[in-house]
Amino acid sequence: MVFGKNLLENAYLLAGMVDHIEIVLFFTPTLHNFPSVGEVKALKKLGADEDVSFSVHLPAFLEIASPNRKKREKSVQMVIDLINFMDELNPLNHILHIPVTPPTLTAVPGRYHTIEHQDKFIDWTRWAMESLETIQNRIDQNNEILVENINYTPIFLERFWKSGLCGFCLDMGHLMLGRESVSGVTEQYMSVIREIHLHGVQGHEEHLSLAVLPESRVSRWIKLLVDATYGGVINLEVFSEQCLDASIGMLNKLFQIQLNSKGQEDVHGQNAFFTST
């Protein structure tokens, strides 16, 4: 949420600033922000009127690879129900976390899993595969599921997209929290990345303005994307107007520098800058 607490009002305001909006859904036993049928129709109309596309970030608490069978089944059913419910919006992507530890709203520093922790992922991988297969069998095949790296290296997600069960959403901020090479991982997986979540990280705090990062560092990432002619979503996953403005300003500048160096057209209208709702 960048503007206030109302999902629709937020989307209407963002539509004048960006050309793609991520709808972040959350759910707790006492509170959720799932839209109504009318709100989905209104979002669809907004998208058509303003030429805005959408991604849907499924609730972070879902555990489709939980050791607890009932928790897995409940999570799988909610994924299916939400994807089918949001189908009318025709989102580009549905973003899914697959926690290996109890889910949190952030990638917890100090609990980042690397290849050295692969033993923790043996059963997790099997349960996740089974759940993803169930989900794919019960949703329209036009719906695109992207699994996102959270507090572990993306290598643990490879088997899922290689099996054709999903695509890949790269969260660069989570890589920074895990002290991984953002450039190295981006280059490694460039061919399979469909959406990028980009935000500033300072210490243990994430989802900040890109302005908290050295501009030269962000510039290296943008050069990688331009050189690879990346055509997916860049989602500025920030939650205030100030962070959004500063981040868009930096990206406009850096993309323009890269495109000018290649003699390409003006960045405005050629590259999409995105945020979350």
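Described below are features of the structure shown in this document.

The rules behind these values
- Position labels on residues start from 1 in each chain and follow its written sequence.
- In keeping with the predicted nature of the model, local features appear solely for residues at pLDDT of at least 70, side-chain atom pairs appear and are counted solely at 80 or more, and the whole-chain, interface and lining totals rest on all residues.
- Note: side-chain values were computed over all heavy atoms of the structure, leaving out hydrogens and water.
- Only DSSP runs of H or I covering at least 4 residues are called helices, and only runs of E covering at least 2 are called strands; the numbering of each starts at the N terminus.
- Each radius of gyration reported is based on C-alpha atoms, and the globular scaling rule is 2.2 Å times the count of residues to the power 0.38.
- Exposure categories follow from relative accessible area, calculated using a 1.4 Å probe and restricted to protein chains: below 20% of the type maximum is buried, above 50% is exposed, and the middle band is partly exposed.
- Residue contacts are counted whenever heavy atoms from the two residues lie within 4.5 Å of one another.
- Accessible surface is estimated by sampling points in the Shrake-Rupley manner with a 1.4 Å probe; for residues, cover comes only from the protein chains shown.
- Under the counting rule used here, the positive set is Lys and Arg, the negative set is Asp and Glu, and His together with the chain ends is not counted.
- Charged groups are reduced to one reference atom each: NZ for lysine, CZ for arginine, CG for aspartic acid, CD for glutamic acid.
- One less than the residue count of a helix, multiplied by 1.5 Å, gives the span that helix is expected to have.
- We call two N or O atoms a polar contact when they sit within 3.5 Å, provided that within protein one can donate a hydrogen and the other can accept it, with sequence-adjacent residues counted only if both atoms are side-chain atoms.
- Lines fitted to the C-alpha atoms define the axes, with helices restricted to the stretch that makes contact. Angles between their N-to-C directions range from 0 to 180 degrees.
- To sort the angles, those under 35 degrees are grouped as roughly parallel, those over 145 as roughly antiparallel, those from 65 to 115 as roughly perpendicular, and the leftovers as oblique.
- Residues are grouped as follows: nonpolar covers Ala, Val, Leu, Ile, Met, Phe, Trp, Tyr, Cys and Pro; charged covers Asp, Glu, Lys and Arg; every other residue, Gly included, is treated as polar.
- The crossing is said to be left-handed when, going from far helix to near helix, the turn is anticlockwise and less than a right angle, and right-handed when the turn is clockwise.

### With respect to the overall build of the chain
Argument step 1. Scanning the chain from terminus to terminus reveals nine helices and ten strands.
Argument step 2. Scaling as 2.2 N^0.38, a compact globule of 277 residues should have a C-alpha radius of gyration of about 19 Å, and the chain matches this with 18 Å.
Argument step 3. Overall, the chain is about 55 × 45 × 30 Å in size when its C-alpha atoms are taken along their principal axes.
Argument step 4. Classification of the 277 residues of the chain by burial places 54% in the buried group.
Argument step 5. For the chain, contacts bridging at least 24 residues in sequence account for 75% of all contacts bridging at least 6.
Argument step 6. For the chain, the exposed area adds up to about 12,700 Å²; of that, 50% sits on carbon and sulfur atoms.
Argument step 7. Averaging the coordinates of the 22 positive side-chain charges in the chain and doing the same for the 34 negative ones gives two points 7 Å apart.

### Comments concerning unusual backbone geometry
Glycine aside, the phi torsion of most residues is negative, and most peptide linkages are trans.
Argument step 1. Positive phi, close to 55°, is recorded for aspartate 51, a residue that is not glycine.
Argument step 2. As for its position among the elements, aspartate 51 is in the loop between helix H2 (37-50) and strand S2 (53-57).
Argument step 3. The backbone phi angle of arginine 179 is positive, close to 60°, even though this residue is not glycine.
Argument step 4. Along the chain, arginine 179 turns up in the loop between helix H6 (172-177) and helix H7 (182-189).
Argument step 5. Given a relative accessible area of 76%, arginine 179 falls into the exposed group.

### Brief notes about helix H3 (residues 69-85)
Argument step 1. In this model, H3 (17 residues) spans 24 Å end to end at C-alpha, consistent with the 24 Å of a helix rising 1.5 Å per residue.
Argument step 2. If you check which residues of H3 are buried, you get Arg72, Ser75, Val76, Met78, Val79, Ile80, Leu82 and Ile83.
Argument step 3. You can read the cap of H3 off the contacts: a side-chain oxygen lies 3.0 Å from the backbone nitrogen of lysine 70, and it is on asparagine 68.

### Topic: the packing of H7 against helix H8 (residues 215-227)
Argument step 1. It is the contact of H7 with H8, at a shortest axis distance of 10 Å, that shows an interaxial angle of 10°. Between H7 and H8, the interaxial angle falls into the category roughly parallel. Contact residues: Val182, Ser183, Thr186 and Glu187 in H7; Arg217, Arg220, Trp221, Leu224 and Leu225 in H8.
Argument step 2. Within the contact of H7 with H8, the residues separate by chemical class into four nonpolar, two polar and three charged.

### A word on the environment of valine 18
Argument step 1. When you line up the elements, valine 18 lands in the loop between helix H1 (7-14) and strand S1 (20-24).
Argument step 2. Residue class for valine 18 comes out buried when judged on its relative accessible area of 8%.

### Things to note about the packing of H3 against helix H4 (residues 122-137)
Pairs of packed helices are described in terms of their axes, by the angle between the two and the distance that separates them.
Argument step 1. Direction vectors running N to C along H3 and H4 enclose 35°, while the axes themselves pass 10 Å from each other. The way H3 lies across H4 gives a crossing that is right-handed. Across from Arg72, Val76, Val79, Ile80 and Ile83 in H3, the residues of H4 making contact are Trp127, Ser131, Thr134 and Ile135.
Argument step 2. For the contact of H3 with H4, the residue count by class is six nonpolar, two polar and one charged.

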